[in-house]
Amino acid sequence: MNVKHKYALVNGLNIFYREAGNRNHPTILLLHGFPSSSHMYRNLMIQLADRYHVIAPDYPGFGNSDQPPMTDFEYTFDSIAHLINDFVEQLNLAKYSIYVHDYGAPVGYRLAVMHPERVQAIISQNGNAYEVGLESAWAPIQAFWKNPNDAAIRQDVLDILTIEVTKHQYVNGTRDPESISPDNWNNDQIHLDREGNQEIQLALYFDYQNNLKQYPTWHEYFRTYQPPVLVAWGKNDMFFGVKGALAYMDDLEDVDVHLLNTGHFPLEEDLAISIDLIRHFLETRLIGSSL
């Protein structure tokens, strides 16, 4: 089934998104991580579109969406989440499951708190919601939170935006690095190297500390609404560790945790396993939906 490549004008911004499947089928909203875009879902969407309506937007400053200057758009996770909420409403997505990866978690869980009645299920693939999930790779960013004006610390964070580190995020922790296409990091780097994008990424790095402050709110959402959750986690992730995956069991009754022997981007090395897990999970949880 073909994936369509579209734009929606949301609050004056051109938001790029990929869409596939029949709108009468259950919707899965795919929320991408860093340093990627909806490109990370290109293969997954094809495999799920026979039974699901799948839709994956790019955030502002990522992928093929507009990159408004920082004077025109506040690059915080709150702002992005509200923009994606407006995108969801503009496309008349009344109910959906959310798939969250990395940055997709703070976006998706804000959506869930805003409108718990819309969220049918959650798939977390290295989408962190617990402080115990933060690995040592966060040290430069955590130092940046404390001293954002320190030149050396700032440079340490900027070094994360280089092609070497972008590639490392894809191949680190994988069983077979040669199986990971360089199109991934080369495509991401094109966007990271755009004029003005480094400052945008720095702003989001700095704002990430506010996600940690939201964790108790997300945990309360989990405990109160008890959405069914699939955790399909690359256990060798340099950023989000196994403890972050297991912590979901603290607050949820219907949570299915799988630790995959791969890195930060499980869809690149364990696409088939991920598809099987997602299909089984959704087909057993979305009872009564038109499949």
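See above for the structure.
Residues numbered from 1 in each chain as written. Predicted model: local features only at pLDDT ≥ 70, side-chain atom pairs only at ≥ 80, totals over all residues. Heavy atoms only, no water.

Novice: I tried to follow a nonpolar patch on the surface on my own but got confused; where do I start?
Specialist: Together, Leu246, Met249 and Leu259 line one region of the surface with nonpolar side chains, adding up to about 240 Å² of accessible area. Along the chain, Leu246 turns up in helix α9 (residues 242–246). A relative accessible area of 35% places Leu246 in the partly exposed class. (Patch = residues over 30% accessible without salt bridge, like charges linked within 9 Å, V, L, I, M, F, W, Y side chains within 5 Å. Areas by Shrake-Rupley, 256 points an atom, 1.4 Å probe, with all protein chains shown as cover. Salt bridge = Lys/Arg side-chain N within 4 Å of Asp/Glu carboxyl O. Helix = DSSP H or I, 4+ residues; strand = E, 2+ residues; numbered from the N terminus. Buried < 20%, exposed > 50% of the residue type's maximum accessible area, 1.4 Å probe, protein only.)

Novice: Help me understand helix α2 (residues 77–90), please; the structure alone is not making it clear to me.
Specialist: Taking 1.5 Å of rise per residue, the 14 residues of α2 would be expected to cover 20 Å, and the 20 Å separating its terminal C-alpha atoms lies within 8% of that figure. Among all positions of α2, only Phe77, Ser79, Ile80, Ala81, Leu83, Ile84, Asn85, Phe87 and Val88 are buried. Positioned one or two residues after α2, Asn92 has a phi angle of 55°, which is positive. (Expected span 1.5 Å × (residues − 1).)

Novice: Is there a simple way to explain empty space enclosed by the protein in this structure?
Specialist: Once rolled over the atoms, a probe with the size of a water molecule shows which space is left empty. Considering all chains together, one arrives at two cavities of 30 Å³ or more under this definition. Of the voids in this model, the largest cavity is the one considered here, and its volume is about 90 Å³. Lining the largest cavity we find Phe34, Asp102, Tyr103, Trp138, Ile141, Ile160, Gln169, Tyr205, Phe239 and His264. Class assignment for the residues of the lining of the largest cavity results in seven nonpolar, two polar and one charged. As a volume, the second largest cavity reaches approximately 50 Å³. Pro35, Ser36, Ser37, Gly61, Phe62, Gly63, Asp188, His191, Leu192, Asn197 and Gln201 together form the lining of the second largest cavity. Contributions of two or more residues to the lining of the second largest cavity are made by α7 (183–192) and α8 (197–225). (1 Å grid on protein atoms, 1.4 Å probe; cavity = no way out; pocket = protein on both sides within 12 Å on 5 of 7 lines; lining within 4 Å. Points joined across faces, edges and corners; volume = space filled by probe spheres on them. Nonpolar A, V, L, I, M, F, W, Y, C, P; charged D, E, K, R; others polar.)

Novice: What exactly am I supposed to notice about α7 here?
Specialist: Each full turn of the α-helix corresponds to 3.6 residues, which orients residues three or four apart in the same direction. All of the buried residues along α7 are Asn184, Trp185, Asp188, Gln189, His191 and Leu192. Viewed along the axis of α7, the buried residues span an arc of 155°, placing them on a single side of the element. Opposite the buried face of α7, by more than 90 degrees, sit the exposed residues Asp183 and Ile190. Lining the buried residues of α7 we find α1 (42–48), α6 (163–171), α8 and α10 (266–269). (Arc of directions from axis to C-beta. Contact = heavy atoms within 4.5 Å.)

Novice: I keep staring at unusual backbone geometry and nothing clicks. Help me out?
Specialist: Negative phi characterises most residues that are not glycine, and trans characterises most peptide bonds. Going from Phe34 to Pro35, the amide bond is cis rather than trans, its omega being 0°. In the Ramachandran plot, Asn11 falls in the positive-phi region, its phi being about 55° despite a non-glycine side chain. Tracing the chain through its elements places Asn11 in the loop between β1 (4–10) and β2 (13–20). Phi is positive for Asn126, close to 60°, though the residue is something other than glycine. Of note, Asn126 is situated in the loop between β6 (119–124) and α4 (139–146).

Novice: Got a minute to help me understand the pairing of β2 in this structure?
Specialist: For a regular strand, the rule is simple: side chains alternate between the two faces of the sheet. Most of β2 sits out of view: seven of its eight residues are buried. With seven bridges joining them, β1 and β2 adopt antiparallel strand pairing. What sits directly across from Ala8, in β2, is Ile15. In sequence, β1 turns back onto β2 through a hairpin of two residues, with Asn11 there showing a positive phi of about 55°. With four bridges joining them, β2 and strand β4 (residues 53–57) adopt antiparallel strand pairing. Each bridged residue has a counterpart across the sheet, and for Glu19 the counterpart in β4 is Ile55. (Pairing = 2+ DSSP bridges.)

Novice: Looking at this structure, how should I read the packing of aromatic side chains?
Specialist: In this description, an aromatic ring pair is defined by two values, namely the gap between the centres and the angle between the planes. Within the structure shown, the criterion is met by 26 aromatic pairs. Between Phe77 and Tyr208 the ring centres are 5.6 Å apart and the planes differ by 90°, which places this aromatic pair in the edge-to-face class. Of this pair, Phe77 sits in helix α2 while Tyr208 sits in helix α8, and the two are 131 residues apart along the sequence. With a relative accessible area of 1%, Tyr208 lands in the buried category. Taking 5.3 Å as the distance between ring centres and 90° as the angle between the ring planes, the aromatic pair formed by Tyr109 and Phe222 counts as edge-to-face. Of this pair, Tyr109 sits in helix α3 (residues 104–114) while Phe222 sits in helix α8, and the two are 113 residues apart along the sequence. Owing to a relative accessible area of 1%, Tyr109 belongs among the buried residues under this scheme. For Phe222, a relative accessible area of 0% puts it in the buried group. Pairwise contacts between aromatic rings join Phe34, Tyr59, Phe62, Phe77, Tyr103, Trp138, Trp145, Tyr205, Tyr208, Phe239 and Phe240 into one cluster. (Phe/Tyr/Trp six-rings, centres within 6.5 Å; stacked < 30°, edge-to-face > 60°.)

So yeah, pure geometry; function would need other evidence.
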